[in-house]
Amino acid sequence: MATNRLLNFMLLLVGLVGVLLIAPTWAEEELVNVSKLEMFVDDLPDMPRIDGFEVVNGVLRPKSLTIGMFSKKWKFHRDLPPTQVFAYGTSKRTATVPGPTIEALHGIETCVKWQNHLPTKHILPWDPTIPTAIPKTRRGIPTVVHVHGNIGKPESDGHAKSWFTARFMETGPTWTNQTYHYYNQQQPGNLWYHDHAMGLTRVNLLAGLVGAYVIRHPEAEDPLGLPRGNEFDRPLIIFDRSFRTDGSLYMNSTGNNPSIHPQWQPEYFGDAIIVNGKAWPRLVVRRRNYRFRIINASNARFFKFFLTNGLRFIHVASDSVYLERPVTMKDLLLAPSEIADVIIDFSQSNSSSAILGNDAAYPYPGGDPVNEVNGKVMKFIIKQQQEEEWWRVPDRLIKYPSPDLSSASTTRYIAMYEYTTAADEPTHLYINGKSYEEPVTETPKAGTSEIWNIINLTDDNHPLHIHLGLFVVLDQTKLVGEDEFQDCMKKNNDAIKCHISKYARGKKVEVPAHEKGWKNVYKMMPGFVTKILVRFSYIHSNASYVFDATAEPGYVYHCHILDHEDNVMMRPLKLVK
């Protein structure tokens, strides 16, 4: 069968190119016991902000930016030695982890020339036995930037095979141009940019290649009266990392199946929780409303956030779209790549401090419970003096069209598989039982909507991200007789032939109120069928895309646990006319 042929090929590839791993470089040096590090000693950074537009004679104009990727040292904690990282910035001196926040305006185009200034060899181990961007010369680190949540043309989407090395010396098979065009014609909201190179996404992000991208629409947003300005409106980019005693980033150099994949493991979990580039930082806040755009940029870690002093989150937007109404919550579950846009009213605090905590098992949902280290995220130090409040949270935010099931042109079944050895160790993950390289099977028509039924046949919760499209989650239904259905699916890979309706009839799980709006990523529960309506058009207007969405190289959809995406839970998505 195809899986056996794949495993045989992997074994052969280990022998042929395993030397590329240069194992002695990543010997298992002593790791930092992060429980010995004092928490809340570093101030929370506010990452540099770059306007994606300019004003000429009082008129708003498109702006061209040049943003590079640099190798440099970064201090994650007061008591850790500087760490070698890869960082985005307009220069090596100003590059940061995370990178600068790009602030764009609705309707004003932003052009970015992404430049690769990285060295010839990676600072982290990687695995050539999974589908990976490998330069012909074996020199240089392939990179390509994807703006997550962007509605734009395929040539600027950051396709996994559109990678390039330093000075564009080598490029991937679908690379076309040095400058990416972001039209910013979509609804206002939160996006983020990160590396997306084939097979290297997990290591390039782990090295530091992430940053926030915000599209603002003053005419639509200012009347809402939400907190604004750099002090009161702040992105929080959160991820986990482990370190060696010399300060360097630690990632496993030996895989869970080293005879098949020398380095790849199913999930990466770090011991330290990093917010805006600092481990467990602190932020002094006034007794006012603050807006936090929280981005989970972890490889695999879910976060279930809560505030230790009982304050609530007021959820105003999810991923890149505002909610119709705000939702007040005591805790907030966020999968890798999801974005929660929340207001916290510190005037309601009865204490002088609050810790942002985490209570999500890892892997989620059936893994280890959090501990004293990864159960804390950051600390808010709350000033005593009461203040007059300038900002408010309205009863209504921004209403977008509700999903219209009658408009769906096609219904698809998307199955998630995990393949294991006889010892039940994962070897790879597929969508619809197909590798990334197999011909495209999802070919929606531009301007239409489709119903996708996502069937999760694994034990993990997979955050599914669809490039270009926005979707609404309709329902989640538990599979009954799951083992029998899974046996049929592994043989036939056809939900209709396996009589999906016979098995998708268990309990239904209500979609949380704050996730009933339009999203670009969602948590696909294990053993469930999640029904979504995907729209391949703007949601804020009836206008057609201002670009050709059917152009090459197309788009992709994938699990956003990066270790899964790289090996290779990702499929091509090609729009047609």
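Source: prediction; values computed, not measured.

Engineer: How should the overall build of the protein chain be read in this particular structure?
Structural biologist: What the protein chain contains, in helices and strands, is six helices and 33 strands. Over its C-alpha trace the protein chain gives a radius of gyration of 23 Å, about what one expects of a compact globule, namely 25 Å for 577 residues. Taken along the three principal axes of its C-alpha coordinates, the protein chain extends 70 × 60 × 50 Å. For the protein chain, with 577 residues in total, the buried portion stands at 61%. Taking the intrachain contacts of the protein chain between residues at least 6 apart in sequence as the baseline, contacts between residues at least 24 apart amount to 79%. With an accessible surface of roughly 21,600 Å², the protein chain has 50% of that area assigned to carbon and sulfur atoms.

Engineer: Please explain the state of the cysteines as it appears in this structure.
Structural biologist: Applying the stated criterion across every chain yields a total of one disulfide. Between the sulfur atoms of C488 and its disulfide mate C498 the distance is 2.1 Å. Negative torsions about the S-S bond denote left-handed disulfides, and the value of about -90° found for C488 with C498 makes this one left-handed. Of the two residues, C488 sits in helix 4 (residues 482-492) while C498 sits in the loop between helix 4 and helix 5 (500-503), which places them ten residues apart along the sequence. In terms of burial, C488 and C498 fall into one category: buried.

Engineer: Hey, could you run me through the sheet that holds strand 23 (residues 376-386) in this one?
Structural biologist: By definition, the strands of a sheet pair up through backbone hydrogen bonds, in either a parallel or an antiparallel sense. Pairing in this open sheet of five strands is mixed, and the strands run 15-23-22-17-20 from one edge to the other. Of all strands in the sheet, those with a lone pairing partner are strand 15 (282-287) and strand 20 (331-334), marking the two edges. Between one strand axis and the next, the sheet turns by 25° as a mean value, whatever way the strands run. Note: strand 17 (residues 303-307) against strand 22 (residues 353-358), three bridges, orientation antiparallel. If you follow L307 over to strand 22, its bridge partner there is L356.

Engineer: When you look at the packing of aromatic side chains in this model, what are you seeing that I'm missing?
Structural biologist: Within a pair of aromatic rings, the relevant descriptors are the distance that separates the centres and the angle that separates the planes. Going through the model one piece at a time under the given rule, you end up with 25 aromatic pairs. Pairing Y290 with F292 gives two aromatic rings, centres 6.0 Å apart and planes at 10°, and the pair type is stacked. Owing to a relative accessible area of 2%, Y290 belongs among the buried residues under this scheme. Relative accessible area serves as the criterion here: at 1%, F292 is assigned to the buried category.

Engineer: Help me understand helix 4, please; the structure alone is not making it clear to me.
Structural biologist: Since the α-helix advances by 3.6 residues per turn, residues separated by three or four positions end up pointing in the same direction. Residues of helix 4 that are buried: F485, Q486, C488 and M489. Angularly, the buried residues of helix 4 cover 160° about the axis, an arc narrow enough to put them on a single face. Along helix 4, the residues that are exposed and aim more than 90 degrees away from the buried face are D483 and K491. Each element contacted by the buried residues of helix 4 is listed here: strand 24 (408-420), strand 26 (449-456) and helix 5. Looking at the residues trailing helix 4, positive phi occurs at N493, about 50°.

Engineer: Whenever I open this one, the pairing of strand 13 (residues 272-275) confuses me. Can you help?
Structural biologist: Two faces make up the sheet, and in a regular strand the side chains alternate between them. Because side chains alternate across strand 13, one face comprises the buried residues A272 and I274, and the other comprises I273 and V275, equally buried. Sheet topology places strand 11 (residues 233-243) next to strand 13; four bridges connect them, and they run antiparallel. Looking across to strand 13, one finds that I238 is bridged to V275. The hairpin turn running from strand 13 into strand 14 (residues 278-279), its antiparallel successor, is two residues long, and N276 in that turn takes a positive phi close to 50°.

Engineer: Where do I start with the confidence of the model for the protein chain in this structure?
Structural biologist: Close inspection of predicted coordinates is inappropriate in any region flagged by low pLDDT. Predicted confidence across the protein chain gives a mean pLDDT of 95, with 95% of residues reaching 70 or more. In this model residues 1-27 is a low-confidence stretch, pLDDT under 50, and it forms 37 contacts with partners more than four residues away in sequence or in other chains.

Engineer: I keep staring at the environment of A220 and nothing clicks. Help me out?
Structural biologist: Inspection of the secondary structure puts A220 in helix 3 (residues 218-221). Of the residues examined, A220 reaches a relative accessible area of 30% and is grouped as partly exposed.

Quick notes on the rules
- Residue numbers run consecutively from 1 along every chain, following the written order of its sequence.
- Residues qualify for local features only when their pLDDT is at least 70, as the model is predicted, and side-chain atom pairs are given and counted only at 80 or more; totals for whole chains, interfaces and linings, by contrast, use all residues.
- Computation of side-chain values covers all heavy atoms of the structure but excludes hydrogens and water.
- Working definition: helices are DSSP H or I runs of at least four residues, strands are E runs of at least two. Numbering for both runs from the N terminus.
- Both definitions apply: the radius of gyration is a C-alpha atom measure, and the globule rule equals 2.2 Å times residues to the power 0.38.
- Accessible area is worked out with a 1.4 Å probe on protein chains only. A residue is then buried under 20% of its type maximum, exposed over 50%, and partly exposed in between.
- Pairs of residues are marked as contacts when any of their non-hydrogen atoms sit within 4.5 Å.
- Note on areas: Shrake-Rupley with a 1.4 Å probe; residue coverage comes only from the protein chains shown.
- Cysteine sulfur atoms that come within 2.5 Å of each other are treated as a disulfide pair.
- Being paired, for any two strands, means DSSP has found at least two bridges between them.
- For helices, the axis comes from a line fit to the C-alpha atoms of the stretch in contact; other axes are also lines fit to C-alpha atoms, and the angle between any two N-to-C directions lies between 0 and 180 degrees.
- For Phe, Tyr and Trp, where Trp contributes only its six-membered ring, two rings pair if their centres lie within 6.5 Å, and the inter-plane angle classes them as stacked under 30 degrees, edge-to-face over 60, or tilted in between.
- It is the directions from the helix axis to the C-beta atoms whose arc is reported.
- As a per-residue measure, pLDDT tells how confident the predictor is, with possible values from 0 to 100.

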